[in-house]
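An overview of the molecular structure
So you can see what is in the structure, the chains are spelled out below.
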Amino acid sequence: MIVEKLSNALDAKKYIKEIGVDGGGIDILHAKTQTHIISIKDLHVGGANILKQDALSVGADLAVPRGTVLALTPRVDCLLIATTSQLKKLAKKELAQPFGLKDLALKFKEFTQIQKPQKVRIMGIINANDDSFFSGSRFNDADAIAKIETMIEEGATIIDIGGVSSKPNAEVVSAEEELSRVKPIVDMLYEKQLYKKASFSIDSYEPKVIEYALQSGFTIVNDITGLANDEVCRVVAKYDAQVVIMHMQGTPQTMQKNPQYENILDDIYQFFQKRIDKAKHFGINDILLDIGIGFGKTLEDNLKLIKHLEHFRTLNKPLLVGASRKSMIHKIDESSVEERLAGTIALHLEAIRNGASIVRVHDVKEHHQAIAVYEELFKI
């Protein structure tokens, strides 16, 4: 007899199939290999006691504060630990229970239906302005085209082009100036028909700039304001473009001045819900979500968002993460912008593990290799 301790980060379904398990039992067993840790805040104490007993009855457990069984406080925070199989059972049980447990049951059901993306895409960054925080992303005209062609060869399937810096305290630029910066690149891309080789995204929240790009082979609008402007919504809908809704607290000029949240995961989740509803109202259905790393967030906020990214998968939209060479890396390990590639890849691989569909990067070749190795590990 040989006994081996296997990693939890494996393709459990593959191993179960290889053993020769009956077809009907594969999904049942696979559901028992996936563990969920769910934070429940401000739950009625009566609901907490019911949920505790129901969790134990299906083999799960609920961590509750001391004194909960005696109802010493009217509302409590809890932590549920359950496999997918157990969560499915609880989702059915709690539908008939009081104290808000019916709503909780619906959330449990959503969590059991989360699907990780099958393939991760790389979005390469090109800046047509000379004040972006990383000099290695700044290009003009012909140099930009050469770099774009290289990025596509290296594995980028999306190229994101912008003409205005969004770093903290960035200079405000007029729409006319922004268009004058990106227009030569956009025109050359269209002339060379590079839009047939990759998808092109315009990083802008100015309707005039966005419309020019969408007329010239671009199919994605990367809006750091998250569709705040109704006119942007109308332009996106007019061209049936895909849109990236990003979360930002404040503006680039104010976002890093003491950002605060009541509950960052829930606050951003609710923001996304509202902006998705707005997008649909304007007839926009092809939506990506970007949690906005570094846009009005502390280091702890950024780390929480990457660590718990899976929370946003219940919105049923692909998730984009862009932490490339950002200052959060310097706050962890002192480094210049040029020295942050390793930290960038570490953050992006964690984001992918937690459900990111797209990573926005300066260094395409290095990310393509890292992701290829990462994905191969999960095949073993």
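Our subject is the structure that appears above.
Residues numbered from 1 in each chain as written. Predicted model: local features only at pLDDT ≥ 70, side-chain atom pairs only at ≥ 80, totals over all residues. Heavy atoms only, no water.

Structural notes on the sheet that holds strand S1 (residues 35-44)
Strands sit in the order S1-S3-S2 across an open sheet of 3 strands; the sheet is antiparallel. Only two strands of the sheet have a single neighbouring strand rather than two, namely S1 and strand S2 (61-63). Taken over all neighbouring pairs, the strand axes of this sheet differ in orientation by 25° on average, direction set aside. As defined by bridge partners, S1 adjoins strand S3 (residues 75-83) across 8 bridges and the pair is classed as antiparallel. By the bridge assignment for S3, Thr-35 is matched with Thr-83. Packing against the sheet, helix H4 (residues 84-93) makes contact with S1 and S3, and its axis sits at approximately 130° to S3. (Pairing = 2+ DSSP bridges. Helix = DSSP H or I, 4+ residues; strand = E, 2+ residues; numbered from the N terminus. Axes fitted to C-alpha atoms, helices over the stretch in contact; angles between N-to-C directions. Contact = heavy atoms within 4.5 Å.)

Topic: unusual backbone geometry
The phi dihedral of Leu-227 is positive, around 65°, even though this residue is not glycine. Positionally, Leu-227 belongs in the loop between strand S7 (220-223) and helix H9 (230-238). With relative accessibility at 0%, the residue Leu-227 sits in the buried group. Unlike most non-glycine residues, Arg-325 shows phi in positive territory, near 60°. Classification of Arg-325 by relative accessible area gives buried; the value is 5%. (Buried < 20%, exposed > 50% of the residue type's maximum accessible area, 1.4 Å probe, protein only.)

Here's the deal with the side chain of Thr-314
Among the structural elements, Thr-314 can be located in the loop between helix H11 (299-307) and strand S10 (319-321). Separated by 2.8 Å, the side chains of Thr-314 and Tyr-269 make a polar contact. Only 3.2 Å separates the side chain of Thr-314 from the backbone oxygen of His-311, close enough to count as a polar contact. Beyond its immediate stretch of four places on either side in the chain, Thr-314 contacts Lys-107, Glu-110, Phe-111, Ile-114 and Tyr-269. (Polar contact = N/O pair within 3.5 Å; in protein donor to acceptor, adjacent residues only side chain to side chain.)

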